[in-house]
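Results of the structural survey
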2 protein chains.
Amino acid sequence: MTGLGSSCGTCKFLRRKCSNECVFAPYFCYDDAANYFAAVHKVFGASNVSKLLLHLPVHNRSDAIVTISYEALARIRDPVFGCVAHIFSLQQQVASLPEEIEVHINQMANHAVEIPSNGNLLAGKYPDDEMRFVSMDEIMNTLYFQDEQATTG
Amino acid sequence: MTGLGSSCGTCKFLRRKCSNECVFAPYFCYDDAANYFAAVHKVFGASNVSKLLLHLPVHNRSDAIVTISYEALARIRDPVFGCVAHIFSLQQQVASLPEEIEVHINQMANHAVEIPSNGNLLAGKYPDDEMRFVSMDEIMNTLYFQDEQATTG
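All of these numbers come straight from a predicted model, not from anything done at the bench. (Residues numbered from 1 in each chain as written. Chains lettered and ligands numbered in written order. Predicted model: local features only at pLDDT ≥ 70, side-chain atom pairs only at ≥ 80, totals over all residues. Heavy atoms only, no water.)

**Considerations on the overall build of chain A**
To keep things clear, this is the line we draw: Strands are runs of DSSP state E lasting at least two residues, helices are runs of H or I lasting at least four, and both sets are numbered from the N terminus onward. For every residue, the accessible area (1.4 Å probe, protein chains only) is compared with the maximum for its type, and the residue is labelled buried under 20%, exposed over 50%, or partly exposed between those bounds. Contacts between residues were defined by any pair of non-hydrogen atoms, one from each residue, lying within 4.5 Å. To measure how exposed things are, a 1.4 Å probe is used in the Shrake-Rupley method; for residues, cover is taken only from the protein chains shown.
Along chain A, the regular secondary structure elements total 6 helices and 0 strands. The linear arrangement of helices and strands in chain A, starting from the amino end, is α-α-α-α-α-α. In chain A, buried positions account for 48% of the 153 residues. For chain A, the proportion of contacts with a sequence separation of at least 24, taken over those separated by at least 6, is 52%. Carbon and sulfur atoms make up 51% of the accessible area of chain A, which totals about 8100 Å².

In structure tokens:
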């Protein structure tokens, strides 16, 4: 129950009465929550997510809902690979980065390339703001950002 | 239907008769398939996965089952973060690698460090065999390998 007479996004989507015991209410109480929950419901099912939440300590539930929502939205966007496309993309970056660095190192060794004043040849290549997503907006931004990158092969 | 009189792992788990039209049979026909399907069923639900498969071209279904199984097993192992823990871990590697490299570059610039004969200062640091997982065994190995690394904060 999110407020006097109002239902959480989950209960709105499921067209049911929201109660004080609603396990979803604390995490689906914002605008458009019903739309986000629709993805979670389609991919995981309300019952499965409810069971998972009830088996977690309350302080872990928010993280669980954020990561479940991320997986659900990724699977809606890419039904074949889901968020695993993001894992492949990151693994490729991790695997290819040393080779890119070797080019820089060899260039320095051969041509005595001057190190930038900030000492960081790769600054801006892998921005810190990709680091973690902690809100639904960031998840959506990450998904849209990944849209072109995480090709599904 | 995987053979005369035998049921696929899904139908064994669901204790139902397997038919020629079973959408799961081609992908859950190995030893222990019922155990793997149990994870998929617990996290996603058989009905949701069945619907997803039926909306995909046949040639995409194997990849979908592999990635869905990976997500399901990761969520069973880590109910809070699931496979998103792996994404965080990889993002941290991508973000921290340039800093590690800067140390090498600065060492070279300051002390004229000799480049190894293979020209690869980082060989073995990020093994290629982490690159992709394409079978259920590899998925399980990846998950066990990640067990210590992908801490859930």
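Don't stop here, the text continues.
**A short note on the packing of helix H3 (residues 46-54) of chain B against helix H4 (residues 58-77) of chain B**
Residues and elements named next belong to chain B. For clarity, the cut-off: Orientation is described by lines fitted to C-alpha atoms, with helices fitted over the stretch in contact, and by angles between N-to-C directions that extend from 0 to 180 degrees. When an angle is under 35 degrees it counts as roughly parallel; over 145 it counts as roughly antiparallel; between 65 and 115 it counts as roughly perpendicular; any other value is oblique. By the definition used in this description, the sense in which the near helix is turned from the far one sets the handedness, with an anticlockwise turn below a right angle giving left-handed and a clockwise turn giving right-handed. Each residue is assigned to one class: nonpolar for Ala, Val, Leu, Ile, Met, Phe, Trp, Tyr, Cys and Pro, charged for Asp, Glu, Lys and Arg, and polar for all the others, Gly among them.
Closest axis-to-axis distance for the H3/H4 pair is 10 Å, and the angle between their directions is 150 degrees. Between H3 and H4, the interaxial angle falls into the category roughly antiparallel. H3 and H4 meet at a crossing whose hand is right-handed. On H4, the residues touching Val49, Leu52, Leu53 and Leu54 of H3 are Arg61, Ala64, Ile65 and Ile68. The residue makeup of the contact of H3 with H4, split by class, is 7 nonpolar, no polar and 1 charged.

**Topic: the UniProt feature "domain: LOB" (unreviewed entry) in chain A**
Stated formally: UniProt positions are given in the numbering used here, feature names are shortened, and annotations may be inferred rather than shown by experiment.
If you check UniProt for "domain: LOB" (unreviewed entry), the listed places come out as residues 6-108 of chain A in our numbering. The distance from the first to the last C-alpha atom of residues 6-108 of chain A is 64 Å, and the span holds 69% helix and 0% strand.

**Overview of the packing of aromatic side chains**
The cut-off we apply is this: Centre distance within 6.5 Å is the pairing criterion for rings of Phe, Tyr and Trp, where only the six-membered ring of Trp is used; planes under 30 degrees apart are then read as stacked, over 60 as edge-to-face, and the remainder as tilted.
Going through the model one piece at a time under the given rule, you end up with 13 aromatic pairs over all chains. Where A:Phe44 meets B:Phe44, the ring centres are 4.8 Å apart and the plane angle is 15 degrees; that geometry is what we call stacked. Of this pair, A:Phe44 sits in the loop between helix H2 (33-43) and helix H3 (46-54) while B:Phe44 sits in the loop between helix H2 (33-43) and H3, which puts the two residues in different chains. Each member of the pair, A:Phe44 together with B:Phe44, is buried. With 5.8 Å between their ring centres and 65 degrees between their planes, B:Phe13 and B:Phe37 make a pair best called edge-to-face. Linking B:Phe13 in helix H1 (residues 9-14) with B:Phe37 in helix H2, this pair joins segments that are 24 residues apart in sequence.

**Considering the nonpolar core**
Considering soluble globular proteins, one finds that nonpolar side chains tend to be buried as a cluster. Defined as follows: The term nonpolar core refers to a set of buried residues drawn from Ala, Val, Leu, Ile, Met, Phe, Trp, Tyr and Cys, joined through side-chain atoms within 4.5 Å.
Core analysis: the largest hydrophobic core is formed by 74 residues, its most contacted members being A:Phe24, B:Phe24 and B:Phe28. Once residues lying within four places of it in the same chain are set aside, the contact partners of A:Phe24 are A:Cys8, A:Thr10, A:Arg16, A:Phe37, A:Ala46, A:Val49, A:Ser50 and A:Leu53. Counting 8 residues, the second largest nonpolar core, distinct from the first, contains A:Leu97, B:Leu97, B:Ile101 and B:Met108.

**Comments concerning the packing of H2(A) against helix H4 (residues 58-77) of chain A**
Residue and element names in this part refer to chain A. Where H2 contacts H4, the two axes come as close as 8 Å, and the packing angle between them is 80 degrees. For the element pair H2 / H4, the angle class is roughly perpendicular. Along its contact with H2, which presents Tyr36, Ala39, Val40, Lys42 and Val43, the element H4 presents Ile68, Ser69, Ala72, Leu73, Arg75 and Ile76. For the contact of H2 with H4, the per-class residue count stands at 8 nonpolar, 1 polar and 2 charged.

**Some thoughts on the pattern of salt bridges**
Where we set the bar: What makes a salt bridge here is a side-chain nitrogen of Lys or Arg within 4 Å of a carboxyl oxygen of Asp or Glu, nothing more.
Per the stated rule, a full pass over the model turns up 2 salt bridges over all chains. Of the charged contacts, one joins A:Glu71 and B:Arg75 as a salt bridge, the two residues approaching to 2.5 Å between their closest N and O atoms. You can see A:Glu71 sitting in helix H4 and its partner B:Arg75 sitting in helix H4, one on each of two chains. As far as the burial class goes, A:Glu71 and B:Arg75 line up, both buried.

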